[in-house]
Amino acid sequence: MKNLIFIGPPGCGKGTQSNILKDAKGYTHVSTGDLLRSEVSKGTDLGRKISDVMESGELVTDELVTELLKANIDLSSKQYIFDGFPRNVKQAEILDQILEGSDYSVIYFKVDVENLVGRITNRRVSSDGKHIYNLISNPPKEDGKCDQTGQFLIQREDDKEEVVRNRMDVYSRETEPMIDFYRSKNILEEVDAEKSIESVTEQIERVLN
Ligand code: AP5
């Protein structure tokens, strides 16, 4: 089984598809956004600095996020879905080095960013951040409660509209150039992420087969 790298704009569905595929196929999901939020929840000085950056919609430094990633993966025994890393060309080069000798595919979630602001502002997550819902496209069975854990659903601080718009700008400026980096290596697989959650899963499964 190859490692997978999921890339695409905020709200394109990387976390949703990671959750589906890790259960269905036995991948380990590593999300740098989740790792950073976990650091924030510790309430340390570092956590407060990270929180300020995330709530502005900007990127945390490459050094910090790389260190966090490396401390949380074990490539000798697990196959990963990398979600949210890499985020720019420098991080893509770093991940290339980390994955040297391991096989991997890059899945690009192609979607018009203009359609994503509504998706993100309607996102709700379980209080531990692990389960993802959408008030319109993927609502919980019971209002405000996670189907799987019963936890309350919350809105991420960076899902407020003004922050979302900045995250989209950061994506265009920092992350989009990375798509050409992978395209030029001929390892980029595109999925149409405008489609339903089920259809996106099917497209990814076709790429894996
Ligand atoms: P991170 O947590 O990585 O956020 P993101 O990349 O912006 O992605 P999201 O989690 O917002 O969206 P997603 O693609 O996972 O979509 P989801 O599946 O939830 O990063 C947050 C911050 O951390 C960054 O801004 C930065 O500050 C920092 N950071 C993280 N990594 C970093 C790095 N490497 N370097 C530096 N800084 C870093 O879906 C979204 C919504 O849509 C949900 O409501 C879902 O139910 C719904 N949905 C999903 N698929 C569909 C579909 N097909 N149709 C309709 N609705 C759908």
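Here is a short report on the structure shown in this document. (Residues numbered from 1 in each chain as written. Predicted model: local features only at pLDDT ≥ 70, side-chain atom pairs only at ≥ 80, totals over all residues. Heavy atoms only, no water.)

Around the ligand sit 35 residues, and of these Thr 16, Glu 58, Arg 123, Tyr 133 and Arg 167 come closest. Here an oxygen atom of the ligand sits 3.1 Å away from a polar atom, N or O, in the main chain of Gly 13. Between Ile 197 and the ligand, the recorded distance is 3.4 Å, taken from a backbone N or O atom to a nitrogen atom. Out of a free accessible area of 1000 Å², the ligand has 96% covered by protein chains. (Near = heavy atom within 4 Å. Polar contact = N/O pair within 3.5 Å; in protein donor to acceptor, adjacent residues only side chain to side chain. Areas by Shrake-Rupley, 256 points an atom, 1.4 Å probe, with all protein chains shown as cover.)

All right, on to the pairing of strand β5 (residues 123-126) then. For a regular strand, side-chain orientation follows a simple rule: the groups alternate between the two sheet faces. Examined bridge by bridge, β5 and strand β6 (residues 132-134) share three bridges and lie antiparallel to one another. Among the inter-strand pairings, Val 125 is bridged to a residue of β6, identified as Ile 132. Between the antiparallel neighbours β5 and β6 lie five residues, among them Gly 129 with a positive phi of about 80°. In terms of strand pairing, β5 meets strand β7 (residues 153-154) through two bridges, oriented antiparallel. Looking at β7, one finds that Val 125 is bridged to Ile 154. (Pairing = 2+ DSSP bridges. Helix = DSSP H or I, 4+ residues; strand = E, 2+ residues; numbered from the N terminus.)

What follows concerns the nonpolar core. Ile 5, Ile 7, Leu 69, Phe 82, Leu 95 and Tyr 182 are the most contacted members of the largest nonpolar core, which has 29 residues in total. Residue assignment for this core shows that the elements contributing at least two residues are β1 (3-7), α2 (32-41), α3 (45-56), α4 (62-71), β3 (80-83), α5 (89-98), β4 (104-110) and α7 (161-184). If one sorts the elements of this core by residue count, α7 sits on top with five residues. If we ignore the near neighbours within four places in the chain, the residues touching Leu 69 are Val 30, Thr 32, Leu 35, Phe 82, Phe 85, Leu 95 and Ile 98. By size, the runner-up hydrophobic cluster in this structure holds 18 residues, among which are Cys 12, Ile 107, Val 117 and Val 191. (Core = buried A, V, L, I, M, F, W, Y, C linked by side-chain atoms within 4.5 Å. Buried < 20%, exposed > 50% of the residue type's maximum accessible area, 1.4 Å probe, protein only. Contact = heavy atoms within 4.5 Å.)

For the structure shown, the criterion picks out 17 salt bridges. Here Glu 58 makes a salt bridge to Arg 173, at a shortest N to O gap of 3.3 Å. Here Glu 58 is found in the loop between α3 and α4, whereas its partner Arg 173 is found in helix α7, with 115 residues between them in sequence. Note on Glu 58: relative accessible area 33%, which makes it partly exposed. Between Glu 63 and Lys 90 there is a salt bridge, and its shortest N-O distance comes to 3.4 Å. With Glu 63 in helix α4 and Lys 90 in helix α5, the pair connects residues that are 27 residues apart, well separated along the chain. Taken together, the shared-partner salt bridges connect Arg 123, Arg 156, Asp 158, Asp 159 and Arg 167 into one network. (Salt bridge = Lys/Arg side-chain N within 4 Å of Asp/Glu carboxyl O.)

Just geometry here; none of it tells us what the structure is for.
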